[in-house]
Amino acid sequence: MPPDRLRSIVPMFGGGSQYVQTLNAILAVVNDHQPTTDELVGWHRGTFQNVPSRESIMRRVK
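Cut-offs used in this document
Per chain, residues are indexed from 1 in the order of the written sequence. Only residues with pLDDT of at least 70 are given local features in this predicted model, and only at 80 or more are side-chain atom pairs given and counted; all residues enter the totals for whole chains, interfaces and linings. As a rule here, side-chain values come from all non-hydrogen atoms in the structure, and water together with hydrogens is ignored. Side-chain atoms within 4.5 Å are what join buried Ala, Val, Leu, Ile, Met, Phe, Trp, Tyr and Cys residues into a set we call a nonpolar core. Burial status follows relative accessibility: with a 1.4 Å probe on protein chains alone, a residue under 20% of its type maximum counts as buried, one over 50% as exposed, and anything between as partly exposed. Contacts: residue pairs with any heavy atoms within 4.5 Å of one another. Here an angle of 0 to 180 degrees is reported between the N-to-C directions of two axes, which are lines fitted to C-alpha atoms, with helices fitted over the stretch in contact. Starting at the N terminus, helices and strands are each numbered in turn, a helix being any DSSP run of H or I of at least four residues and a strand any DSSP run of E of at least two. Angle categories: roughly parallel below 35 degrees, roughly antiparallel above 145, roughly perpendicular from 65 to 115, and oblique for all the rest. When the near helix sits turned anticlockwise from the far one by under a right angle, the crossing is termed left-handed; a clockwise turn instead gives a right-handed crossing. In this context, the arc is that of the directions from the helix axis out to the C-beta atoms.

Enquirer: Just give me the short version of the nonpolar core, but keep the residues and values in it.
Expert: Listed in full, the five residues of the largest apolar core are Phe-13, Val-41, Phe-48, Val-51 and Ile-57. Residues in contact with Phe-48, not counting those within four places in the same chain, are Phe-13, Gly-14, Thr-22 and Trp-43.

Structural data, given as structure tokens:
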């Protein structure tokens, strides 16, 4: 990658135009419920269609 090119942020579920809304929703779930990892994965699967895998969710969480 050319040194003057900025790397993009990790895409979030919900689409590129929903990045801030998705991040705020994740932070609200974590703040309000303090879920376990499995619960957070389950929340993603219940909230977003076409979530490909646990690994994909965890990549975004990290």
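Enquirer: A description of the packing of helix 1 (residues 19–33) against helix 2 (residues 37–47) should follow, citing residues and the corresponding values.
Expert: Where helix 1 contacts helix 2, the axes come no closer than 11 Å and their chain directions differ by 140 degrees. The orientation of helix 1 with respect to helix 2, classified from their angle, is oblique. Here helix 1 and helix 2 pass one another in a crossing that is right-handed. Seen from helix 1, the contacting residues are Ala-25, Ile-26, Val-29 and Val-30; seen from helix 2, they are Leu-40, Trp-43 and His-44.

Enquirer: Go over helix 2, please, and point to the residues and values.
Expert: Every α-helix winds through 3.6 residues per turn, so residues three or four apart in the chain are directed the same way. If you check which residues of helix 2 are buried, you get Leu-40, Val-41 and His-44. For helix 2, the angular spread of buried residues about the axis comes to 100 degrees, placing them on one side. Seen from the buried face of helix 2, the exposed residues on the opposite side, beyond 90 degrees, are Asp-38 and Gly-46. At its buried positions, helix 2 is contacted by helix 1 and helix 3 (54–61).

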